[in-house]
Amino acid sequence: MSTKNLPFFLSGLVVKGFGRGSKALGTPTANLEDKVVDSLPADFKTGVYYGWACIDIQVYEMVASVGWNPFYKNEKKTVELHLLHKFENDFYGKQIKAIFTGYIRPEKDFTSEEELIKAIKHDIEFAKEQLQQPNMIVYKDNQFLIG
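All figures in this text were calculated on a predicted structure; none of them were measured in a lab.

A. Region of the structure containing the nonpolar core. Of all hydrophobic cores here, the largest spans 25 residues; its most connected members are Leu81, Leu83, Ile96 and Phe100. Sorting the residues of this core by element identifies strand S1 (8-15), strand S2 (30-32), helix H2 (34-38), strand S3 (47-55), strand S4 (58-67), strand S5 (78-83) and strand S6 (95-105) as the ones contributing at least two each. Every residue in contact with Leu83, bar those within four places of it in the chain, is listed here: Ala53, Ile55, Tyr60, Glu61, Met62, Phe91 and Ile96. Membership of the second largest hydrophobic core comes to 19 residues, among which are Val48, Leu84, Phe110 and Leu131.

B. Geometry of the environment of Arg105. Note that Arg105 resides in strand S6. By relative accessible area, Arg105 is classed as buried at 17%. Sequence spacing of Arg105 and Val48 is 57 residues, and the spatial spacing of their C-alpha atoms is 5.4 Å. With residues up to four places along the chain from it excluded, the contact list for Arg105 reads Gly47, Val48, Phe110, Ala119 and Asp123. A distance of 2.8 Å separates a polar atom in the side chain of Arg105 from a polar atom in the side chain of Asp123.

C. Summary view of the packing of aromatic side chains. Overall, the coordinates contain 10 aromatic pairs when judged by the stated rule. On the basis of an interplanar angle of 70° and a centroid distance of 5.0 Å, the ring pair of Tyr60 and Phe87 is categorised as edge-to-face. With Tyr60 in strand S4 and Phe87 in the loop between S5 and S6, the pair connects residues that are 27 residues apart, well separated along the chain. A network of ring pairs unites the aromatic residues Phe8, Phe44, Tyr49, Phe100 and Tyr103 as a single cluster. The aromatic ring of Phe144 is capped on one face by Lys97, whose charged end is 5.9 Å from the ring centroid.

D. Up close: the pairing of S1. Bridge analysis of S1 against S6 gives six bridges, and the strand direction is antiparallel. Looking at S6, one finds that Phe8 is bridged to Phe100. Relative to S2, S1 is paired through two bridges, and the arrangement is antiparallel. Each residue of the ladder has a partner; that of Val15, found in S2, is Asn31.

E. A look at the sheet that holds S1. Strands sit in the order S1-S2-S5-S4-S3-S6 around a closed barrel of six strands; the barrel is antiparallel. Across the sheet, the mean angle from the axis of one strand to that of its neighbour is 40°, orientation sign disregarded. Across the sheet, helix H3 (residues 113-131) is in contact with S3, S4, S5 and S6; its angle to S3 comes to roughly 60°.

F. Structural context of the pattern of salt bridges. Across all of its chains, the model carries three salt bridges by this definition. With its nearest N and O atoms 3.0 Å apart, the salt bridge here joins Lys94 to Asp56. Remark: Asp56 occurs in the loop between S3 and S4 and Lys94 occurs in the loop between S5 and S6; sequence separation between them is 38 residues. On the basis of relative accessibility, which here comes to 33%, the residue Lys94 falls in the partly exposed class. Arg105 is the salt-bridge partner of Asp123, the closest N and O atoms lying 2.8 Å from each other. One end of the pair, Asp123, is in helix H3; the other, Arg105, is in strand S6, and 18 residues separate them in sequence.

Definitions and cut-offs
Residues numbered from 1 in each chain as written. Predicted model: local features only at pLDDT ≥ 70, side-chain atom pairs only at ≥ 80, totals over all residues. Heavy atoms only, no water. Core = buried A, V, L, I, M, F, W, Y, C linked by side-chain atoms within 4.5 Å. Buried < 20%, exposed > 50% of the residue type's maximum accessible area, 1.4 Å probe, protein only. Helix = DSSP H or I, 4+ residues; strand = E, 2+ residues; numbered from the N terminus. Contact = heavy atoms within 4.5 Å. Polar contact = N/O pair within 3.5 Å; in protein donor to acceptor, adjacent residues only side chain to side chain. Phe/Tyr/Trp six-rings, centres within 6.5 Å; stacked < 30°, edge-to-face > 60°. Lys NZ or Arg CZ within 6 Å of the ring centre and 35° of its normal. Pairing = 2+ DSSP bridges. Axes fitted to C-alpha atoms, helices over the stretch in contact; angles between N-to-C directions. Salt bridge = Lys/Arg side-chain N within 4 Å of Asp/Glu carboxyl O.

In short, shape yes, function no, at least from these values alone.
So, in structure tokens, the structure goes:
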């Protein structure tokens, strides 16, 4: 899938991931169940996306990683969403809906965890800025998320 085919809509259950997001990277993620990953189009480009996600009828800005996480040498492709909000509790087993509205960068390997953390922080700042653009903010109220 070319990134020209954005926005991309997906939904699925939040499952337990590797436990690295919040612990090692300070960026908690909602990992989506395997059937969501398996249902991605064959040509869906791996990398980092931004957009909107809805959980418990609340819509949040989000950054998503789709792929193999080369730094960690994953053997399994994942879809991980980082909602730009501080949550008190985990939401394993809950349904989450997301709209990928933009593409930030391809996935890549990093030479250190510090370099990865720096890239994640940059991705988040870039996403926040882009999501305030009129052509992106309109998706926040999309019927897919709130319906």
